[in-house]
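What follows is the residue order along each chain.
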Amino acid sequence: MALEGERSQSSAAEIVFRNVTKRYPGRRVAAVSDLSFVVPAGEICVLVGPSGGGKTTAMKMVNRLVDIDEGDILIDGRSVRSLNVIELRRQVGYVIQHVGLFPHMSVADNIGTVPRLLGWPKDRIRERAGELIELVGLDPEEHRDAYPAQLSGGQQQRVGLARAMAADPLVMLMDEPFGALDPITRARLQDEFLRLHNELRKTVIFVTHDIDEAIKMGDRIAILREGGVLAQYDTPDAILAEPADDFVARFVGADRSLKRLALKRLSQIELAALNGSEPSGPTVSASTTLRDALALMLGEGTRDLTVVDEGGRQVGRCSVEHLSELLARPVGEGAT
Ligand SMILES: Nc1ncnc2c1ncn2[C@@H]1O[C@H](COP(=O)(O)OP(=O)(O)O)[C@@H](O)[C@H]1O
Ligand SMILES: [Mg+2]
């Protein structure tokens, strides 16, 4: 695809929060308190926590929609404070819940907003809009000249995403981007965004109050509590395995073991050998998640499953005991 200058399509930047604090005037409690974490280039970092926990504030300091009081945020080693704010915002794509599309502008013109500011030639903007409309799962023929009011909520959100990606930003900020969508549309956009991200590998900061969305979308999750205090920063698996304290444990939920099992498929674990024995229990595909495998065993009243590959060949066995032994292992050991 055609992109800015000589940057390749995999361009992404590391983001560092370094002791970042924000106090709004007249507020006793800080909105964000001494926040420090590193988002490696190309990863999705989800900020999650209860409403009022400072997620939006933390995110808006990256593109300086909110000023930092203390500490700093670095993008590829450069302080956002040192960058020209216009320049900064061109490098940072921004997607919000209610999209904020310009109602009097067509889909293509909405997507072309930043490229126009950058002075791209008309046909290049047009070409880029066409590419992006397709990339986010819309039809260039049908939607290029449509106005936002003629689109469904999900389609508008796709256009918002395309607009944020138009000038190939280094960083994407997404504030509850799918929060206003019905559950089915939401799940579809989550899946498509993950697929897109897998190709484009932007560094993304994604805000949600929904722990399930955080677990699904995040390479890493930052859990913020009241006052914008970082409660835990780690991979979803590590947070579910070892919540840092009671607040995190309550926030991730009493079913955290099941959520952990849902992160893995039978094909990703070491199965018990068949040893020529008769297959026992129901047969399941290796693409089944460990959570679904457990549910099946409970539902069928068995303690064993026989696992088959795509061609229907038996590849091993899995038991309830095996799953609970996996959960008991320290994070990162042996399960994959
Ligand atoms: N512009 C503002 N002026 C004053 N207080 C604000 C402003 N924006 C947010 N706050 C306060 O800062 C805290 C964090 O808000 P916010 O960052 O929006 O949290 P979240 O996105 O996690 O819901 C809340 O107590 C909120 O009321
Ligand atoms: Mg918010």
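Nothing here was measured: the structure is a model prediction, and the numbers come from that model. (Residues numbered from 1 in each chain as written. Chains lettered and ligands numbered in written order. Predicted model: local features only at pLDDT ≥ 70, side-chain atom pairs only at ≥ 80, totals over all residues. Heavy atoms only, no water.)

S.K.: Pulling in residues and values, what's your account of the site of ligand 1?
M.R.: As a structural note, the neighbourhood of ligand 1 is formed by Tyr24, Arg27, Ala31, Pro50, Ser51, Gly52, Gly53, Gly54, Lys55, Thr56 and Thr57. Taking Gly54, its main chain carries an N or O atom lying 3.0 Å from an oxygen atom of ligand 1. Thr56 has a polar side-chain atom sitting 2.8 Å from an oxygen atom of ligand 1. In the complex, the protein chains occlude 62% of the 560 Å² of accessible area that ligand 1 would expose alone. Of the residues in the shell around ligand 1, the class split is 3 nonpolar, 6 polar and 2 charged. (Near = heavy atom within 4 Å. Polar contact = N/O pair within 3.5 Å; in protein donor to acceptor, adjacent residues only side chain to side chain. Areas by Shrake-Rupley, 256 points an atom, 1.4 Å probe, with all protein chains shown as cover. Nonpolar A, V, L, I, M, F, W, Y, C, P; charged D, E, K, R; others polar.)

S.K.: Just give me the short version of the packing of aromatic side chains, but keep the residues and values in it.
M.R.: Per the counting criterion, the structure on display carries 4 aromatic pairs. Both rings, one in Phe37 and one in Tyr233, keep their centres 4.9 Å apart while their planes meet at 35°; by these two values the pair is tilted. Taken together, the residues Phe37 in strand β2 (residues 32-39) and Tyr233 in strand β10 (residues 229-234) connect sequence positions 196 residues apart. Between the NZ or CZ atom of Arg163 and the centre of the ring of Phe102, over which it lies, the distance is 5.2 Å. (Phe/Tyr/Trp six-rings, centres within 6.5 Å; stacked < 30°, edge-to-face > 60°. Helix = DSSP H or I, 4+ residues; strand = E, 2+ residues; numbered from the N terminus. Lys NZ or Arg CZ within 6 Å of the ring centre and 35° of its normal.)

S.K.: Please give an account of the sheet that holds strand β12 (residues 304-308) that cites residues and values.
M.R.: Read across the sheet, 3 strands follow the order β11-β12-β13 without closing on themselves; strand pairing throughout is mixed. The two strands at the open ends of the sheet, each matched to only one other strand, are β11 (283-285) and β13 (314-319). Adjacent strand axes in the sheet meet at a mean angle of 35°, parallel and antiparallel pairs treated alike. As paired strands, β11 and β12 are joined by 3 bridges and run parallel to one another. Directly across from Val284, in β12, lies its bridge partner Val307. Sheet strands in contact with helix α13 (residues 290-300) are β11, β12 and β13, and its direction is about 135° off that of β12. (Pairing = 2+ DSSP bridges. Axes fitted to C-alpha atoms, helices over the stretch in contact; angles between N-to-C directions. Contact = heavy atoms within 4.5 Å.)

Function-wise, these values are silent; they only describe arrangement.
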